[in-house]
Amino acid sequence: MFRPVSLACLLLSACGIARAAEPVLPQGKAYQTPDAWRQPVAPVRIADHTWQIGTAGITAILVKTNDGALLIDGGLPQAADMLLAHIRALGVAPGDLKLILASHAHGDHAGPTAAIQRATGAQVVNNAESAVLMAYGGSNDIHFGDDILYPPVQSDRILHDGEVVVLGDVRLTAHFIPGHTPGSIAWTWDDTRDGAPLHIAYVDSLTAPGYRLVGNPRYPHIVEDFRRSFATVRSLPCDLLLTPHADASGWDFANAAEPHPAPMSCEAYANGAEKKLATQMKSGG
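Here the structure is a predicted model, which is why all the values come from computation and not from measurement.

Observations concerning helix α7 (residues 266–282)
(1) Moving on: Across its 17 residues, α7 extends 25 Å between first and last C-alpha, which sits within 8% of the 24 Å expected from 1.5 Å per residue.
(2) Moving on: Those residues of α7 that sit buried are C266, Y269, A270, A273 and L277. For α7, the buried positions fall inside an angular range of 90 degrees around the axis, keeping them on one side. Structural note: α7 exposes K275, T279 and K282 on the side pointing more than 90 degrees away from its buried face.
(3) Moving on: Looking at the buried side of α7, the elements it contacts are β11 (196–203), α6 (222–234) and β12 (240–242).
(4) Moving on: Note on α7: the residue one or two positions beyond its end, G284, has a positive phi of about 100 degrees.

Have a look at this one:
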């Protein structure tokens with residue numbers, strides 16, 4: 001079973017980061033979410049240069065390089081101050097955050113992006129589909145309409161499928177996996193664990209929560225996209241899987257002693273999602 005790097009740093013007593021429980025972040029006024037999505041937890045060291053700095057249930061990934069740091073996802077809009085505090089606690093000055101990447105443009109993951117961008121000056125990198133949805137602050141979403149809104153974000157760079165984003169000594173590859181949203185992305189990069197190579201995959205959600213799958217006029221080929229994305233995820237370099245919703249890949253970030261009690265492979269993640277999609281279609285989805 002994989003165990004995160006450096007138990008001392010994982011427990012955070014050696015990192016100068018408080019472990020005391022913090023109050024749950026406030027609910028959004030329109031979009032109500034589970035407490036775990038808003039429960040701050042101490043950063044968890046995933047690998048030698050990779051940290052989870054989000055809440056108990058929603059992942060935000062900080063990757064430190066020899067030329068600054070980058071952030072993948074952020075969570076809900078009300079998480080911005082928490083993220084900035086965690087970034088500073090890990091020794092990254094706001095101006096040293098150079099890039100902000102995303103898994104997809106829903107408000108429970110892209111919510112604080114505009115605030116982080118303003119506070120740090122980091123460049124936002126998206127594919128075209130996510131760039132459009134972020135620019136509208138999540139409004140007119142294919143599935144949710146205007147139910148999940150957040151401060152609009154302007155993207156600085158548009159990605160193509162398979163493009164590599166380089167920051168310092170870290171290279172991240174974007175793998176487009178449309179389905180959960182048309183702009184969903186899986187990110188892969190290489191890190192180390194105590195010096196040993198580690199292929200990390202941060203793979204977007206593969207779920208269709210309440211979606212119309214058959215005859216969807218806004219997304220006519222959604223099922224075909226999902227099926228291609230399942231195949232893409234199965235083929236990723238994936239020693240360690242992370243997902244935007246922590247529990248989807250067996251993580252429990254509130255458990256400092258064992259934050260990854262049920263590790264999952266990329267293949268198992270895709271296979272499980274494919275079965276759920278088939279069941280949903282049979283039930284009239």
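Topic: the nonpolar core
(1) Moving on: Among the nonpolar cores identified, the biggest contains 29 residues, and I72, W187 and W189 are the most heavily contacted of them.
(2) Moving on: For this core, the secondary structure elements donating two or more residues are β3 (61–65), β4 (68–72), β5 (97–101), β8 (164–167), β9 (170–176), β10 (185–193), β11 and β12.
(3) Moving on: Setting aside chain neighbours within four positions, we find I72 in contact with A60, I61, L101, A102, L172, W187, W189 and Y202.
(4) Moving on: One finds A69, L83, V92 and A110 within the second-largest nonpolar core, a separate group that totals 28 residues.

Here we look at the sheet that holds β5
(1) Moving on: Spatial ordering of the open sheet is given by β1-β2-β3-β4-β5-β6-β7, a layout of seven strands whose pairing is mixed. Strands with a single pairing partner mark the edges of an open sheet, and in this sheet they are β1 (44–45) and β7 (157–159).
(2) Moving on: Here helix α5 (residues 128–135) sits on the sheet in contact with β6 (123–127) and β7, set at roughly 120 degrees to β6.

Section: the sheet that holds β11
(1) Moving on: With mixed pairing, the five strands of this open sheet are ordered in space as β8-β9-β10-β11-β12. Whereas interior strands pair on both sides, the edge strands pair on one side only; in this sheet they are β8 and β12. Mean inter-strand twist for the sheet, computed between neighbouring axes without regard to direction, equals 25 degrees.
(2) Moving on: Where β9 meets β10, five bridges bridge the pair, whose relative direction is antiparallel. When the sheet's bridge partners are listed, F176 is paired in β10 with I185.

Quick look at the side chain of N127
(1) Moving on: Mapped onto the elements, N127 comes out in strand β6.
(2) Moving on: Looking at N127, its side chain comes within polar contact range of the main-chain oxygen of G183, at 2.9 Å.
(3) Moving on: For N127, the residues in contact, after removing those within four places along its chain, are I158, L159, F176, G183, S184 and I185.

Structural notes on the pairing of β10
(1) Moving on: Relative to β11, β10 is paired through eight bridges, and the arrangement is antiparallel. When the bridges of β11 are listed, W189 appears paired with I200.

Thoughts on the pattern of salt bridges
(1) Moving on: Taken as a whole and assessed by the stated rule, the structure comprises four salt bridges.
(2) Moving on: Among the salt bridges present, the one from R157 reaches E163, with a minimum N-O distance of 2.9 Å.

Regarding the packing of aromatic side chains
(1) Moving on: Applying the stated criterion to the full structure yields three aromatic pairs.
(2) Moving on: Judged by centre distance (5.9 Å) and plane angle (65 degrees), the ring pair of F144 and Y211 falls under edge-to-face. With a gap of 67 residues between them, F144 in the loop between α5 and β7 and Y211 in the loop between β11 and α6 connect regions that are remote in the sequence.
(3) Moving on: Residue F144 is classed as partly exposed on the basis of its relative accessible area of 22%.

Basis of the calculations
- Residues numbered from 1 in each chain as written.
- Predicted model: local features only at pLDDT ≥ 70, side-chain atom pairs only at ≥ 80, totals over all residues.
- Heavy atoms only, no water.
- Helix = DSSP H or I, 4+ residues; strand = E, 2+ residues; numbered from the N terminus.
- Expected span 1.5 Å × (residues − 1).
- Buried < 20%, exposed > 50% of the residue type's maximum accessible area, 1.4 Å probe, protein only.
- Arc of directions from axis to C-beta.
- Contact = heavy atoms within 4.5 Å.
- Core = buried A, V, L, I, M, F, W, Y, C linked by side-chain atoms within 4.5 Å.
- Pairing = 2+ DSSP bridges.
- Axes fitted to C-alpha atoms, helices over the stretch in contact; angles between N-to-C directions.
- Polar contact = N/O pair within 3.5 Å; in protein donor to acceptor, adjacent residues only side chain to side chain.
- Salt bridge = Lys/Arg side-chain N within 4 Å of Asp/Glu carboxyl O.
- Phe/Tyr/Trp six-rings, centres within 6.5 Å; stacked < 30°, edge-to-face > 60°.

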